[in-house]
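Structure assessment
Chain residues, written in single-letter form:
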Amino acid sequence: MEELKSDFPVLHKYTYLNTASSGLISKSLVNWRHNHDMQFLTDASVFRDQHKNHIESIRSKVAHFCGAQTNEVSLVPNFSFGLNTLIEGIPEGQKVLLLDKDYPSINWAFENRDFNVCYAEINVDLEKNIEVAVAENQPDIFAFSLVQYLDGTKIDFEFLKKLKAYHPNLLLIADGTQYLGTENFNFSESALDVLGCSAYKWLLSGYGNGFLMVKESIQNQIFPSTIGFNSADGIYSKQDDLPFVKRFEPGHQDTLNYGSLEQSLLFLEKTGMDFISETNRKLSNYAKNRFAALGLLDQYIVDRKEHSTIFNIKGDDALFQKLKNNNIVCSQRGDGIRISFHFYNTEEELDRLCRFL
Ligand SMILES: Cc1ncc(COP(=O)(O)O)c(C=O)c1O
(Lines give C-alpha, C1' and ligand atoms only; values in the text may rest on other atoms or scores of the structure.)
Protein backbone atom coordinates (compact mmCIF):
# COMPACT_ATOMS: atom_id res chain seq x y z
CA MET A 1 0.00 0.00 0.00
CA GLU A 2 2.88 2.40 0.79
CA GLU A 3 4.28 1.85 -2.70
CA LEU A 4 0.86 2.56 -4.16
CA LYS A 5 0.43 5.66 -2.00
CA SER A 6 3.82 7.03 -3.04
CA ASP A 7 2.47 7.40 -6.59
CA PHE A 8 -0.38 9.62 -5.29
CA PRO A 9 1.06 12.58 -3.32
CA VAL A 10 -2.44 13.84 -2.48
CA LEU A 11 -2.82 10.89 -0.08
CA HIS A 12 0.04 12.20 2.06
CA LYS A 13 -1.45 15.66 2.26
CA TYR A 14 -5.12 14.86 2.94
CA THR A 15 -7.49 12.15 4.04
CA TYR A 16 -8.87 12.13 0.53
CA LEU A 17 -12.44 10.81 0.45
CA ASN A 18 -13.59 12.63 -2.66
CA THR A 19 -13.05 10.43 -5.74
CA ALA A 20 -16.75 10.86 -6.61
CA SER A 21 -15.84 14.49 -7.26
CA SER A 22 -12.38 14.08 -8.76
CA GLY A 23 -10.20 11.00 -8.97
CA LEU A 24 -6.47 11.28 -8.33
CA ILE A 25 -3.83 11.35 -10.99
CA SER A 26 -0.56 9.58 -10.33
CA LYS A 27 3.02 10.80 -10.49
CA SER A 28 3.64 8.25 -13.25
CA LEU A 29 0.80 9.72 -15.31
CA VAL A 30 2.13 13.26 -14.82
CA ASN A 31 5.56 12.05 -16.03
CA TRP A 32 3.98 10.46 -19.09
CA ARG A 33 2.06 13.67 -19.84
CA HIS A 34 5.20 15.74 -19.45
CA ASN A 35 7.04 13.48 -21.86
CA HIS A 36 4.15 13.70 -24.34
CA ASP A 37 4.25 17.51 -24.22
CA MET A 38 8.03 17.52 -24.66
CA GLN A 39 7.72 15.39 -27.78
CA PHE A 40 5.17 17.80 -29.19
CA LEU A 41 7.42 20.71 -28.25
CA THR A 42 10.41 19.28 -30.04
CA ASP A 43 8.81 17.53 -33.04
CA ALA A 44 5.41 19.18 -33.73
CA SER A 45 3.74 17.57 -36.75
CA VAL A 46 6.44 14.90 -36.99
CA PHE A 47 5.34 13.69 -33.56
CA ARG A 48 1.69 14.21 -34.44
CA ASP A 49 2.11 11.97 -37.53
CA GLN A 50 1.73 8.99 -35.20
CA HIS A 51 -1.51 10.16 -33.65
CA LYS A 52 -3.94 7.99 -35.66
CA ASN A 53 -2.23 4.79 -34.57
CA HIS A 54 -2.16 6.07 -31.03
CA ILE A 55 -5.89 6.89 -31.04
CA GLU A 56 -6.65 3.38 -32.33
CA SER A 57 -4.49 1.83 -29.62
CA ILE A 58 -6.40 3.87 -27.00
CA ARG A 59 -9.71 2.69 -28.48
CA SER A 60 -8.50 -0.92 -28.27
CA LYS A 61 -7.41 -0.45 -24.68
CA VAL A 62 -10.81 0.98 -23.66
CA ALA A 63 -12.56 -1.88 -25.49
CA HIS A 64 -10.36 -4.47 -23.80
CA PHE A 65 -10.76 -2.89 -20.35
CA CYS A 66 -14.56 -2.75 -20.64
CA GLY A 67 -15.15 -6.00 -22.52
CA ALA A 68 -16.42 -4.27 -25.65
CA GLN A 69 -15.55 -4.47 -29.35
CA THR A 70 -13.42 -1.70 -30.85
CA ASN A 71 -16.22 -0.87 -33.32
CA GLU A 72 -18.43 -0.09 -30.30
CA VAL A 73 -16.15 2.50 -28.66
CA SER A 74 -16.06 6.24 -29.39
CA LEU A 75 -13.61 8.52 -27.60
CA VAL A 76 -15.42 11.63 -26.37
CA PRO A 77 -14.30 14.53 -24.14
CA ASN A 78 -16.85 13.77 -21.43
CA PHE A 79 -20.07 11.88 -20.70
CA SER A 80 -22.40 14.84 -21.31
CA PHE A 81 -21.03 15.54 -24.77
CA GLY A 82 -21.27 11.87 -25.71
CA LEU A 83 -24.86 11.52 -24.52
CA ASN A 84 -26.11 14.68 -26.24
CA THR A 85 -24.47 13.66 -29.52
CA LEU A 86 -26.00 10.20 -29.25
CA ILE A 87 -29.54 11.27 -28.57
CA GLU A 88 -29.53 13.82 -31.37
CA GLY A 89 -29.64 10.65 -33.44
CA ILE A 90 -32.71 9.18 -31.71
CA PRO A 91 -36.09 10.00 -33.26
CA GLU A 92 -38.01 12.53 -31.13
CA GLY A 93 -41.30 11.62 -29.50
CA GLN A 94 -39.99 8.38 -28.01
CA LYS A 95 -40.96 7.53 -24.46
CA VAL A 96 -38.05 7.71 -22.00
CA LEU A 97 -37.97 6.43 -18.43
CA LEU A 98 -35.61 8.37 -16.14
CA LEU A 99 -34.80 8.16 -12.46
CA ASP A 100 -36.07 11.03 -10.36
CA LYS A 101 -33.03 13.05 -9.07
CA ASP A 102 -30.50 11.26 -11.28
CA TYR A 103 -27.46 13.25 -12.46
CA PRO A 104 -28.69 16.38 -14.33
CA SER A 105 -26.61 15.72 -17.45
CA ILE A 106 -28.66 12.56 -18.02
CA ASN A 107 -32.12 13.86 -17.22
CA TRP A 108 -31.74 17.33 -18.76
CA ALA A 109 -30.50 15.86 -22.05
CA PHE A 110 -33.87 14.10 -22.48
CA GLU A 111 -36.11 16.66 -20.73
CA ASN A 112 -34.83 19.44 -22.98
CA ARG A 113 -35.69 17.60 -26.17
CA ASP A 114 -38.98 16.52 -27.56
CA PHE A 115 -39.11 13.21 -25.71
CA ASN A 116 -42.01 11.92 -23.69
CA VAL A 117 -40.44 11.41 -20.25
CA CYS A 118 -41.64 9.53 -17.18
CA TYR A 119 -39.89 8.77 -13.89
CA ALA A 120 -39.18 6.06 -11.33
CA GLU A 121 -38.23 6.91 -7.77
CA ILE A 122 -34.87 6.02 -6.20
CA ASN A 123 -35.50 4.33 -2.87
CA VAL A 124 -35.12 0.92 -1.26
CA ASP A 125 -37.39 -0.52 -3.98
CA LEU A 126 -35.53 1.05 -6.89
CA GLU A 127 -35.71 -2.04 -9.11
CA LYS A 128 -39.37 -2.66 -8.30
CA ASN A 129 -40.16 1.00 -9.09
CA ILE A 130 -38.47 0.61 -12.48
CA GLU A 131 -40.35 -2.60 -13.20
CA VAL A 132 -43.69 -0.94 -12.37
CA ALA A 133 -42.86 2.19 -14.40
CA VAL A 134 -41.89 0.05 -17.40
CA ALA A 135 -45.14 -1.94 -17.15
CA GLU A 136 -47.26 1.20 -16.80
CA ASN A 137 -45.57 3.46 -19.37
CA GLN A 138 -44.05 1.02 -21.89
CA PRO A 139 -41.04 3.28 -22.54
CA ASP A 140 -38.74 2.89 -25.57
CA ILE A 141 -35.67 3.94 -23.56
CA PHE A 142 -34.54 3.68 -19.95
CA ALA A 143 -31.65 6.07 -19.19
CA PHE A 144 -29.93 6.05 -15.80
CA SER A 145 -26.69 6.09 -13.79
CA LEU A 146 -25.29 2.76 -12.69
CA VAL A 147 -24.28 4.45 -9.42
CA GLN A 148 -26.09 7.53 -8.14
CA TYR A 149 -23.90 10.60 -7.62
CA LEU A 150 -25.85 11.89 -4.59
CA ASP A 151 -25.81 8.86 -2.32
CA GLY A 152 -24.07 5.99 -4.12
CA THR A 153 -27.18 3.85 -4.73
CA LYS A 154 -26.07 1.11 -7.12
CA ILE A 155 -28.53 -0.51 -9.47
CA ASP A 156 -28.79 -4.31 -9.40
CA PHE A 157 -27.05 -5.62 -12.54
CA GLU A 158 -28.91 -8.94 -12.41
CA PHE A 159 -32.18 -7.01 -12.38
CA LEU A 160 -31.08 -5.18 -15.54
CA LYS A 161 -30.54 -8.54 -17.24
CA LYS A 162 -34.04 -9.68 -16.31
CA LEU A 163 -35.50 -6.36 -17.42
CA LYS A 164 -33.79 -6.69 -20.80
CA ALA A 165 -34.90 -10.32 -21.13
CA TYR A 166 -38.55 -9.37 -20.56
CA HIS A 167 -38.33 -6.18 -22.66
CA PRO A 168 -35.77 -6.87 -25.39
CA ASN A 169 -36.74 -3.73 -27.32
CA LEU A 170 -36.24 -1.41 -24.34
CA LEU A 171 -33.01 0.50 -25.02
CA LEU A 172 -30.85 0.65 -21.89
CA ILE A 173 -28.66 3.76 -21.85
CA ALA A 174 -26.39 3.95 -18.82
CA ASP A 175 -23.96 6.41 -17.29
CA GLY A 176 -20.93 4.66 -15.82
CA THR A 177 -19.07 7.77 -14.60
CA GLN A 178 -19.53 6.93 -10.89
CA TYR A 179 -18.94 3.23 -11.48
CA LEU A 180 -16.38 2.23 -14.10
CA GLY A 181 -13.02 1.60 -12.45
CA THR A 182 -14.45 0.51 -9.11
CA GLU A 183 -14.82 -3.17 -10.01
CA ASN A 184 -14.63 -5.74 -12.82
CA PHE A 185 -17.13 -5.06 -15.58
CA ASN A 186 -17.88 -6.53 -18.99
CA PHE A 187 -19.99 -4.53 -21.45
CA SER A 188 -20.64 -7.46 -23.83
CA GLU A 189 -21.98 -9.61 -21.00
CA SER A 190 -24.07 -6.78 -19.54
CA ALA A 191 -27.66 -5.97 -20.42
CA LEU A 192 -26.71 -2.44 -21.45
CA ASP A 193 -27.07 -1.16 -24.99
CA VAL A 194 -25.18 2.07 -24.42
CA LEU A 195 -22.70 3.03 -21.73
CA GLY A 196 -21.01 6.42 -21.43
CA CYS A 197 -18.38 7.61 -18.99
CA SER A 198 -16.22 10.57 -18.01
CA ALA A 199 -12.89 9.13 -16.93
CA TYR A 200 -11.65 11.75 -14.44
CA LYS A 201 -13.20 10.07 -11.40
CA TRP A 202 -12.80 6.33 -10.78
CA LEU A 203 -10.65 5.80 -13.89
CA LEU A 204 -8.07 8.30 -12.61
CA SER A 205 -7.41 9.80 -16.03
CA GLY A 206 -7.68 13.55 -15.47
CA TYR A 207 -10.12 15.80 -17.35
CA GLY A 208 -11.01 16.00 -21.03
CA ASN A 209 -11.41 12.32 -21.77
CA GLY A 210 -14.22 9.80 -21.69
CA PHE A 211 -15.91 7.30 -23.95
CA LEU A 212 -19.23 6.16 -25.26
CA MET A 213 -19.90 2.50 -26.04
CA VAL A 214 -22.83 1.49 -28.25
CA LYS A 215 -23.51 -2.20 -28.90
CA GLU A 216 -23.08 -3.11 -32.53
CA SER A 217 -26.51 -4.77 -32.52
CA ILE A 218 -28.33 -1.45 -31.97
CA GLN A 219 -26.14 0.89 -34.02
CA ASN A 220 -28.66 0.66 -36.87
CA GLN A 221 -31.34 2.25 -34.63
CA ILE A 222 -29.45 5.49 -33.95
CA PHE A 223 -28.64 8.12 -36.56
CA PRO A 224 -26.24 10.76 -35.20
CA SER A 225 -25.89 13.65 -37.63
CA THR A 226 -22.60 14.88 -36.19
CA ILE A 227 -19.87 14.67 -38.81
CA GLY A 228 -16.46 16.12 -39.64
CA PHE A 229 -13.44 15.34 -41.81
CA ASN A 230 -11.95 13.24 -39.00
CA SER A 231 -15.06 11.03 -39.07
CA ALA A 232 -13.89 9.95 -42.52
CA ASP A 233 -10.20 9.74 -41.51
CA GLY A 234 -9.57 12.70 -43.80
CA ILE A 235 -10.67 10.77 -46.91
CA TYR A 236 -13.26 12.55 -49.09
CA SER A 237 -14.70 9.36 -50.56
CA LYS A 238 -15.51 7.94 -47.12
CA GLN A 239 -18.10 10.64 -46.38
CA ASP A 240 -21.03 8.33 -47.12
CA ASP A 241 -19.58 5.27 -45.47
CA LEU A 242 -18.53 6.22 -41.95
CA PRO A 243 -17.97 3.78 -39.12
CA PHE A 244 -20.66 4.47 -36.49
CA VAL A 245 -18.16 5.27 -33.74
CA LYS A 246 -16.50 7.98 -35.85
CA ARG A 247 -19.70 10.04 -35.83
CA PHE A 248 -18.70 10.98 -32.28
CA GLU A 249 -15.20 11.98 -33.34
CA PRO A 250 -15.79 14.66 -35.98
CA GLY A 251 -12.57 16.62 -35.45
CA HIS A 252 -8.91 16.16 -34.55
CA GLN A 253 -8.53 13.97 -31.49
CA ASP A 254 -6.13 14.86 -28.67
CA THR A 255 -3.55 12.26 -27.68
CA LEU A 256 -2.58 13.99 -24.41
CA ASN A 257 -5.98 13.57 -22.76
CA TYR A 258 -7.04 10.31 -24.42
CA GLY A 259 -3.50 9.04 -23.98
CA SER A 260 -3.87 9.75 -20.25
CA LEU A 261 -6.92 7.51 -20.28
CA GLU A 262 -4.90 4.72 -21.90
CA GLN A 263 -2.10 5.12 -19.34
CA SER A 264 -4.58 4.97 -16.47
CA LEU A 265 -6.24 1.85 -17.80
CA LEU A 266 -2.80 0.23 -18.07
CA PHE A 267 -2.13 1.29 -14.48
CA LEU A 268 -5.46 -0.12 -13.24
CA GLU A 269 -4.82 -3.40 -15.09
CA LYS A 270 -1.33 -3.61 -13.61
CA THR A 271 -2.69 -2.94 -10.12
CA GLY A 272 -5.24 -5.67 -10.86
CA MET A 273 -8.98 -5.17 -11.28
CA ASP A 274 -9.57 -8.22 -9.05
CA PHE A 275 -7.59 -6.52 -6.28
CA ILE A 276 -9.36 -3.20 -6.86
CA SER A 277 -12.82 -4.85 -6.84
CA GLU A 278 -12.08 -6.74 -3.64
CA THR A 279 -10.52 -3.76 -1.85
CA ASN A 280 -13.46 -1.55 -2.76
CA ARG A 281 -15.98 -4.20 -1.73
CA LYS A 282 -14.32 -4.53 1.69
CA LEU A 283 -14.04 -0.75 2.16
CA SER A 284 -17.69 -0.32 1.20
CA ASN A 285 -18.84 -2.95 3.73
CA TYR A 286 -16.61 -1.47 6.40
CA ALA A 287 -17.89 2.07 5.79
CA LYS A 288 -21.50 0.93 5.70
CA ASN A 289 -21.18 -0.82 9.06
CA ARG A 290 -19.36 2.10 10.69
CA PHE A 291 -21.75 4.77 9.34
CA ALA A 292 -24.84 2.68 10.14
CA ALA A 293 -23.63 2.11 13.73
CA LEU A 294 -23.29 5.89 14.09
CA GLY A 295 -26.85 6.38 12.74
CA LEU A 296 -25.58 8.44 9.81
CA LEU A 297 -27.27 6.65 6.90
CA ASP A 298 -30.77 6.76 5.47
CA GLN A 299 -32.48 3.50 6.40
CA TYR A 300 -32.98 2.59 2.77
CA ILE A 301 -29.22 2.55 2.15
CA VAL A 302 -28.79 0.25 5.16
CA ASP A 303 -31.53 -2.02 3.82
CA ARG A 304 -30.20 -2.37 0.28
CA LYS A 305 -28.18 -5.50 -0.44
CA GLU A 306 -25.31 -4.07 -2.41
CA HIS A 307 -23.84 -0.61 -2.28
CA SER A 308 -21.12 1.34 -4.09
CA THR A 309 -18.03 3.26 -2.95
CA ILE A 310 -20.04 6.44 -2.31
CA PHE A 311 -22.07 7.25 0.82
CA ASN A 312 -24.05 10.30 1.84
CA ILE A 313 -23.94 10.78 5.61
CA LYS A 314 -25.98 13.10 7.77
CA GLY A 315 -24.02 16.26 8.52
CA ASP A 316 -24.41 20.05 8.45
CA ASP A 317 -22.21 22.96 7.38
CA ALA A 318 -20.41 22.99 10.73
CA LEU A 319 -19.39 19.34 10.42
CA PHE A 320 -18.29 19.83 6.82
CA GLN A 321 -16.17 22.79 7.91
CA LYS A 322 -14.66 20.76 10.75
CA LEU A 323 -13.69 17.96 8.34
CA LYS A 324 -12.20 20.49 5.96
CA ASN A 325 -10.18 22.13 8.74
CA ASN A 326 -8.77 18.70 9.55
CA ASN A 327 -7.73 17.97 5.97
CA ILE A 328 -10.52 15.50 5.33
CA VAL A 329 -11.62 16.09 1.75
CA CYS A 330 -15.23 15.23 0.83
CA SER A 331 -18.22 17.05 -0.70
CA GLN A 332 -21.53 18.55 0.39
CA ARG A 333 -24.25 17.00 -1.75
CA GLY A 334 -28.02 17.02 -1.25
CA ASP A 335 -28.77 17.40 2.46
CA GLY A 336 -25.62 15.70 3.67
CA ILE A 337 -21.92 15.07 3.22
CA ARG A 338 -20.75 12.75 0.45
CA ILE A 339 -17.89 10.45 1.34
CA SER A 340 -16.28 8.42 -1.43
CA PHE A 341 -13.25 6.15 -1.45
CA HIS A 342 -11.23 4.11 -3.91
CA PHE A 343 -8.73 1.25 -3.61
CA TYR A 344 -5.99 3.72 -2.60
CA ASN A 345 -7.91 4.54 0.60
CA THR A 346 -7.78 2.48 3.79
CA GLU A 347 -9.93 1.47 6.76
CA GLU A 348 -7.62 3.63 8.91
CA GLU A 349 -8.65 6.68 6.90
CA LEU A 350 -12.31 5.81 7.43
CA ASP A 351 -11.58 5.40 11.15
CA ARG A 352 -9.98 8.85 11.19
CA LEU A 353 -13.10 10.29 9.54
CA CYS A 354 -15.36 8.54 12.07
CA ARG A 355 -13.51 10.16 14.99
CA PHE A 356 -14.96 13.51 13.84
CA LEU A 357 -18.54 12.26 13.34
C1 LIG B 1 -23.36 10.26 -12.52
C2 LIG B 1 -22.46 11.25 -13.18
N3 LIG B 1 -22.36 11.29 -14.50
C4 LIG B 1 -21.57 12.15 -15.13
C5 LIG B 1 -20.82 13.08 -14.42
C6 LIG B 1 -19.94 14.04 -15.10
O7 LIG B 1 -20.27 14.24 -16.42
P8 LIG B 1 -19.49 15.31 -17.26
O9 LIG B 1 -18.03 14.99 -17.15
O10 LIG B 1 -20.02 15.15 -18.62
O11 LIG B 1 -19.78 16.66 -16.67
C12 LIG B 1 -20.90 13.08 -13.03
C13 LIG B 1 -20.14 14.08 -12.25
O14 LIG B 1 -20.33 14.30 -11.09
C15 LIG B 1 -21.73 12.15 -12.40
O16 LIG B 1 -21.83 12.12 -11.06
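Residues numbered from 1 in each chain as written. Predicted model: local features only at pLDDT ≥ 70, side-chain atom pairs only at ≥ 80, totals over all residues. Heavy atoms only, no water.

**Focus: the overall build of the chain**
Cut-off, in case you're wondering: In this description a helix means any DSSP run of H or I spanning at least four residues, a strand means any run of E spanning at least two, and both kinds are numbered starting from the N terminus. Categorising residues by exposure relies on relative accessible area from a 1.4 Å probe, with only protein chains included: less than 20% of the type maximum marks a residue as buried, more than 50% marks it as exposed, and the intermediate range marks it as partly exposed. The criterion used for residue contact is that any of the two residues' heavy atoms lie within 4.5 Å.
Helix and strand counts for the chain stand at 13 helices and 12 strands. Principal axes of the C-alpha set define a box for the chain whose edges measure 65 × 60 × 35 Å. For the chain, the residues scored as buried account for 55% of the 357 residues in total. The long-range share in the chain, meaning contacts at least 24 apart out of those at least 6 apart in sequence, stands at 67%.

**Some words on helix H9 (residues 255-271)**
Basically, it comes down to this: Take the number of residues in a helix, subtract one, and multiply by 1.5 Å to get its expected span. Whenever a nitrogen or oxygen atom comes within 3.5 Å of another N or O atom, the pair is scored as a polar contact, on the condition that within protein one atom can donate a hydrogen and the other can accept it, and that pairs from neighbouring residues in sequence are kept only if both atoms are in side chains.
Spanning 17 residues, H9 covers 23 Å between terminal C-alpha atoms, matching the ideal 24 Å at 1.5 Å per step. Most of H9 sits inside the fold, with 12 of its 17 residues counted as buried. When we look at burial in H9, the residues that qualify are Thr255, Leu256, Asn257, Tyr258, Gly259, Ser260, Leu261, Glu262, Ser264, Leu265, Phe267 and Leu268. Residues of H9 that are buried in the fold lie against helix H1 (2-6), helix H3 (27-48), helix H4 (51-66), strand E2 (73-76), strand E8 (210-214) and helix H10 (273-293). Capping the start of H9 is the job of one residue whose side-chain oxygen sits 3.0 Å from the backbone nitrogen of Leu256: Asp254. Phi turns positive one or two residues past the end of H9, at Gly272, with a value near 105 degrees.

**Focus on the packing of aromatic side chains**
Operational definition: Any two rings among Phe, Tyr and Trp, with Trp reduced to its six-membered ring, count as a pair given centres within 6.5 Å; such a pair is stacked if its planes are under 30 degrees apart, edge-to-face if over 60, and tilted if neither.
If you walk through the whole model with that rule in mind, you get 14 aromatic pairs. Pairing Tyr103 with Tyr149 gives two aromatic rings, centres 4.9 Å apart and planes at 85 degrees, and the pair type is edge-to-face. Of this pair, Tyr103 sits in the loop between strand E3 (95-99) and helix H6 (104-111) while Tyr149 sits in the loop between strand E5 (141-145) and helix H8 (157-166); the two residues are 46 residues apart in sequence, bridging distant segments of the chain. Under the relative-accessibility criterion, Tyr103 is labelled partly exposed at 33%. Tyr149 sits in the buried class, given a relative accessible area of 16%.

**A look at the pairing of strand E9 (residues 310-313)**
The test is simple: When DSSP finds at least two bridges between two strands, those strands are taken to pair.
Across the two faces of E9 the burial is the same, with Ile310 and Asn312 and Phe311 and Ile313 all buried. When E9 meets strand E12 (residues 336-340), the two strands line up antiparallel, connected through four bridges. Looking at the pairing, Phe311 lines up with Ile339 of E12.

**Some remarks on the site of the ligand**
Just so we agree on the cut-off: By convention in these notes, a residue is near a molecule or strand provided one of its non-hydrogen atoms lies within 4 Å of it. In this description, accessible areas are obtained by the Shrake-Rupley approach with a 1.4 Å probe, and a residue is regarded as covered only by the protein chains that are shown.
The full set of residues close to the ligand is Asn78, Phe79, Ser80, Tyr103, Ser145, Tyr149, Asp175, Thr177, Gln178, Ser198, Tyr200 and Lys201. Phe79 has a polar backbone atom sitting 3.5 Å from an oxygen atom of the ligand. With respect to the ligand, the side chain of Ser80 contributes an N or O atom lying 2.5 Å from an oxygen atom. Burial of the ligand by the protein amounts to 88% of the accessible area it has alone, namely 390 Å².

**Points about the nonpolar core**
Quick note on the threshold: For the purposes of this section, nonpolar cores are sets of buried Ala, Val, Leu, Ile, Met, Phe, Trp, Tyr and Cys residues that join through side-chain atoms within 4.5 Å.
Membership of the largest hydrophobic core comes to 82 residues, with the highest contact counts inside it found for Ile130, Phe142, Phe144, Leu192, Phe211, Leu268 and Phe291. Setting aside its immediate chain neighbours within four residues, Phe142 contacts Leu97, Leu99, Ile130, Ile155, Leu160, Leu163, Leu170, Leu171, Leu172 and Ile173. The next biggest cluster of nonpolar side chains, apart from the first, holds 23 residues, and it includes Leu86, Phe110, Ile141 and Ala143.

**Overview of H3**
Quick reminder of the rule: The angle between axes fitted to the seven-residue stretch ending at a residue and the seven-residue stretch beginning at it gives the bend at that residue.
Along its 22 residues, H3 runs just 24 Å from first to last C-alpha, ending more than 12% under the 32 Å computed at 1.5 Å per residue. At Thr42, H3 shows its strongest bend, of approximately 100 degrees. Listed in full, the buried residues belonging to H3 are Leu29, Trp32, His36 and Phe47. Elements in contact with the buried residues of H3: H4 and H9.

**Examining the sheet that holds strand E4 (residues 116-120)**
The pairing of strands in a sheet happens through backbone hydrogen bonds and is either parallel or antiparallel. Rule in force here: Each axis is a line fitted through C-alpha atoms, taken for helices only over the stretch in contact, and angles between the N-to-C directions span 0 to 180 degrees.
Taking strand neighbours across the sheet as the criterion, the seven strands line up as E2-E8-E7-E6-E5-E3-E4 in an open arrangement whose pairing is mixed. A strand with exactly one partner marks an edge of an open sheet, and here the two such strands are E2 and E4. The mean angle between the axes of side-by-side strands here comes to 20 degrees, regardless of whether they run parallel or antiparallel. The sheet contact formed by E3 and E5 spans two bridges and is parallel. Counted as the bridge partner of Val96 is Ile141 from E5. Sitting on the sheet, H6 is in contact with E3, E4, E5 and strand E6 (171-175), with an inclination near 155 degrees to E3.

**Some words on the sheet that holds E12**
Strand order in the open sheet formed by three strands is E9-E12-E11, and the pairing between neighbours is antiparallel. Among the strands making up the open sheet, the edge pair consists of E9 and strand E11 (331-333). Mean inter-strand twist for the sheet, computed between neighbouring axes without regard to direction, equals 40 degrees. Note that E11 and E12 share three bridges and pair antiparallel.

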